[in-house]
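# Examining the three-dimensional arrangement
Listed below are the residues making up each chain.
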Amino acid sequence: EFSRLEYVKDVERSKKHLAKNGYSTGGRPPFGFKRVEVKDNGHRRVKWEPDPVTAPLARRIFEMYADGKGFQLICQWLNDNGIPTTRGGKWRAASFSRMLRNEIYIGHIVYNKEERKGVKSDNPRNQKDKDKWIRVENAVPPIVPTVVFDRVQKRLGEKGRATAQYNKSQYLLS
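None of these values were measured; they are calculated from a predicted model.

Let us look at the confidence of the model for the chain. Any segment with low pLDDT has predicted coordinates that should not be analysed in fine detail. Of all residues in the chain, 84% have pLDDT values of 70 or greater, and the mean over the chain is 84. Overall, residues 163-174 carries pLDDT values under 50, and its contacts beyond four positions in sequence, including any with other chains, amount to zero contacts.

With that settled, consider helix 1 (residues 4-20). Here helix 1 is 17 residues long and its end C-alpha atoms lie 24 Å apart, about the 24 Å a rise of 1.5 Å per residue gives. Among the residues trailing helix 1, Gly 22 stands out with phi positive, at a value near 80°.

Bringing the pairing of strand 1 (residues 33-40) into the picture now. Two elements, strand 1 and strand 2 (residues 43-50), share eight bridges in a ladder whose sense is antiparallel. Considered in strand 2, the bridge of Lys 39 is made with Arg 44. In sequence, strand 1 turns back onto strand 2 through a hairpin of two residues, with Asn 41 there showing a positive phi of about 50°.

Before going further, it helps to examine the side chain of Asp 51. Secondary-structure assignment places Asp 51 in the loop between strand 2 and helix 2 (55-66). One buried charged residue, Asp 51, remains without a salt bridge, the closest side chain of opposite sign being Lys 34 at 5.5 Å. Apart from the residues within four sequence positions on either side, Asp 51 is in contact with Gly 32, Phe 33, Lys 34 and Pro 56.

Here we take up the packing of helix 2 against helix 3 (residues 71-80). Packing of helix 2 against helix 3 brings their axes to within 10 Å, and their N-to-C directions diverge by 150°. Classified by the interaxial angle, the pair formed by helix 2 and helix 3 is roughly antiparallel. The handedness of the crossing between helix 2 and helix 3 comes out as right-handed. Note on element contacts: helix 3 touches helix 2 through Phe 71, Ile 74, Trp 77 and Leu 78, opposite Leu 57, Arg 60, Ile 61, Met 64 and Tyr 65. In terms of residue class, the contact of helix 2 with helix 3 is made up of eight nonpolar, no polar and one charged.

The tally for this structure, following the rule as stated, stands at seven salt bridges. Its salt-bridge partner being Glu 37, residue Arg 44 comes within 3.2 Å of it at the nearest N-O pair. Judged by its relative accessible area of 60%, Arg 44 falls in the exposed class. For Glu 103, the salt bridge is made with Arg 135, and the minimal N-O distance between the two is 2.3 Å. Of this pair, Glu 103 sits in the loop between helix 4 (96-101) and strand 3 (109-111) while Arg 135 sits in strand 6 (residues 134-136), placing them 32 residues apart in sequence. Among the ionic contacts, a cluster of salt bridges with common partners joins Arg 35, Glu 37 and Arg 44.

We now examine the nonpolar core. What tends to happen in soluble globular proteins is that the nonpolar side chains get buried as a cluster. Counting residues in each nonpolar core, the largest one holds 37 residues, and the members touching the most others are Phe 96 and Tyr 105. Contributions of two or more residues to this core are made by strand 2, helix 2, helix 3, helix 4, strand 3, strand 6 and helix 5 (146-169). Counting residues per element, this core draws most heavily on helix 2, which supplies eight residues. Discounting residues that sit within four places of it in the chain, Tyr 105 has contacts with Pro 30, Phe 31, Phe 33, Ala 58, Phe 62, Met 99, Pro 142, Ile 143 and Val 144.

Let us look at the packing of aromatic side chains. Within this structure, the stated rule accounts for seven aromatic pairs. Between Phe 31 and Trp 91, the aromatic rings sit 5.0 Å apart at their centres with planes inclined by 90°, giving edge-to-face as the arrangement. Of this pair, Phe 31 sits in the loop between helix 1 and strand 1 while Trp 91 sits in the loop between helix 3 and helix 4, placing them 60 residues apart in sequence. Both residues of the pair, Phe 31 and Trp 91, belong to the buried class.

A separate point is helix 2. Every α-helix winds through 3.6 residues per turn, so residues three or four apart in the chain are directed the same way. An ideal rise of 1.5 Å per residue puts 16 Å on twelve residues; helix 2 measures up with 17 Å between its terminal C-alpha atoms. Considered for burial, the residues of helix 2 that qualify are Ala 55, Leu 57, Ala 58, Ile 61, Phe 62, Met 64, Tyr 65 and Ala 66. Just beyond helix 2, the residue with positive phi is Gly 68, at close to 100°.

Cut-off values and rules
- Residues numbered from 1 in each chain as written.
- Predicted model: local features only at pLDDT ≥ 70, side-chain atom pairs only at ≥ 80, totals over all residues.
- Heavy atoms only, no water.
- pLDDT = per-residue confidence, 0-100.
- Contact = heavy atoms within 4.5 Å.
- Helix = DSSP H or I, 4+ residues; strand = E, 2+ residues; numbered from the N terminus.
- Expected span 1.5 Å × (residues − 1).
- Pairing = 2+ DSSP bridges.
- Buried < 20%, exposed > 50% of the residue type's maximum accessible area, 1.4 Å probe, protein only.
- Lys, Arg positive; Asp, Glu negative; His and termini not counted.
- Salt bridge = Lys/Arg side-chain N within 4 Å of Asp/Glu carboxyl O.
- Axes fitted to C-alpha atoms, helices over the stretch in contact; angles between N-to-C directions.
- Parallel < 35°, antiparallel > 145°, perpendicular 65-115°, else oblique.
- Left-handed = near helix turned anticlockwise from the far one by under 90°.
- Nonpolar A, V, L, I, M, F, W, Y, C, P; charged D, E, K, R; others polar.
- Core = buried A, V, L, I, M, F, W, Y, C linked by side-chain atoms within 4.5 Å.
- Phe/Tyr/Trp six-rings, centres within 6.5 Å; stacked < 30°, edge-to-face > 60°.

What follows is the structure, encoded as structure tokens:
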């Protein structure tokens, strides 16, 4: 009989195996992708594939941000055009932070990157050490050109440094 700990380890081992083979480990597909069932040695598996309707919109989001548009302006454009999030809701500035950093948009799956303390979905995420990550390059067809993705990462990095600098100096004279 499996103990709870053994069961959790077995599930985690299975998810790592799925990720290493380019399959989904669960959850909703990222914006711009759709769920596709495939057969693998008699097992049903799930892969993500670019969605012909939303993939061009995801690419446009990256292009807009790379071209200097801010989260608020991108949100407004999406909401004004009636484009819902993957959950069917309105876009908010917070919707983009994780999306714009997700390597799946350039075709790479990165699994085991974060963990949450406890089981509640609102618990904060903590990034794991990079040596624990499972990274599968070219696992899905890319939606965003690497050159655009790299420009976005550079801009996000600059924005992060500027925010950190602001936060450090905010109370300098108090």
